[in-house]
Amino acid sequence: MLHIRLIALGTLKESYWRDAVCEYQKRLGAYAKVEITELKEYRLSENPSRREIDAALEKEGADILSSLLPRSFVVALCVEGKQLSSEELADRLADIMQTNGALTLIIGSSHGLSPSVKAAAQLRLSVSRLTFPHQMMRAVLLEAVYRSLSILAGGKYHK
């Protein structure tokens, strides 16, 4: 069974996001063991300088890198990442299940991810060219993984 760790900065404040994430975490239970790790998002001033942002990203990056699972295939969500169809993601997940057995998905803060985290990732993934709230992205990403694993299992969820 695939072991999935979702690493995200910050917490889900609204109950509807928590409910959506719980629903997809429950659905994924048929295909994978899912673990969500929330890490501290470093606070910045109201109008942070580039230097402040970079320092926060490096601190967050160190926390993320220390949370990675051994042998895990690491996917960093970032705007410059590759966009995949559900079927393409399913193919990638099939390979990961065969070779790694573990998948780590990383969602950064509102300022993104540090270069060190992006460099550690075997795949940089972009869900869309549009910008979404980071809290929403947890539910969207888990749904995409669920859809892809359902495709691999021959399920009827994907139409």
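This text goes with the structure placed above it.
Quantities reported herein were computed from a predicted structural model and do not represent experimental measurements.

Peer 1: Outline the overall build of the protein, listing residues and values.
Peer 2: Along the protein, the regular secondary structure elements total five helices and five strands. In the protein, the succession of α and β elements from N to C terminus is β-α-β-α-β-α-β-α-β-α. Rg of the C-alpha trace for the protein: 15 Å, near the compact-globule value of 15 Å for 159 residues, within the 12% margin. Projected onto its principal axes, the C-alpha coordinates of the protein cover approximately 50 × 35 × 25 Å. Excluding contacts between residues fewer than 6 apart, the proportion of contacts in the protein whose partners are at least 24 apart in sequence is 85%. Element-wise, carbon and sulfur atoms account for 51% of the exposed surface of the protein, whose accessible area totals about 8700 Å². For the protein, the distance from the average position of its 21 positive side-chain charges to the average position of its 18 negative side-chain charges is 2 Å.

Peer 1: Which residues make up helix α2 (residues 50–66), and what are the values?
Peer 2: Here α2 contains 17 residues, and its C-alpha end-to-end distance of 24 Å stays within 8% of the 24 Å for a straight helix at 1.5 Å per residue. The complete set of buried residues in α2 reads Ile53, Ala56, Leu57, Glu60, Gly61 and Ile64. All buried residues of α2 project into a common sector of 140° when viewed along the axis, lining one side. Exposed positions of α2 whose direction lies more than 90 degrees from the buried face are Arg51 and Ser66.

Peer 1: I'd like to hear about the environment of Leu141, residue by residue, with values.
Peer 2: Examined against the element boundaries, Leu141 turns out to sit in helix α5 (residues 134–152). Along the primary structure Leu141 and Gly112 are separated by 29 residues, whereas in three dimensions their C-alpha atoms are 16 Å apart. Every residue in contact with Leu141, bar those within four places of it in the chain, is listed here: Leu6, Leu77, Leu105, Ile107 and Leu125.

The rules behind each value
- Within every chain, residues take consecutive numbers counted from 1 along the sequence as written.
- Only residues with pLDDT of 70 or above have their local features reported here, since the model is predicted, and side-chain atom pairs are shown and tallied only from 80 upward, although totals for entire chains, interfaces and linings are computed over all residues.
- Side-chain numbers here rest on the full set of heavy atoms in the structure, without hydrogens or water.
- Helix and strand definitions here come from DSSP, where helices need a minimum of 4 consecutive H or I residues and strands a minimum of 2 consecutive E residues; each element is numbered from the N-terminal end.
- C-alpha atoms define the radius of gyration, and 2.2 Å times the number of residues to the power 0.38 defines the globule rule.
- Residue contacts are counted whenever heavy atoms from the two residues lie within 4.5 Å of one another.
- In this description, accessible areas are obtained by the Shrake-Rupley approach with a 1.4 Å probe, and a residue is regarded as covered only by the protein chains that are shown.
- For this count, His and the chain ends are skipped, Lys and Arg are scored as positive, and Asp and Glu as negative.
- Note that the charge is assigned to NZ on lysines, CZ on arginines, CG on aspartates and CD on glutamates.
- By this rule, a helix spans an expected 1.5 Å times one less than how many residues it contains.
- In this scheme, a residue with accessible area under 20% of its type's maximum is buried, one over 50% is exposed, and one in between is partly exposed, where area comes from a 1.4 Å probe on protein chains only.
- Note: the arc covers the axis-to-C-beta directions of the helix.

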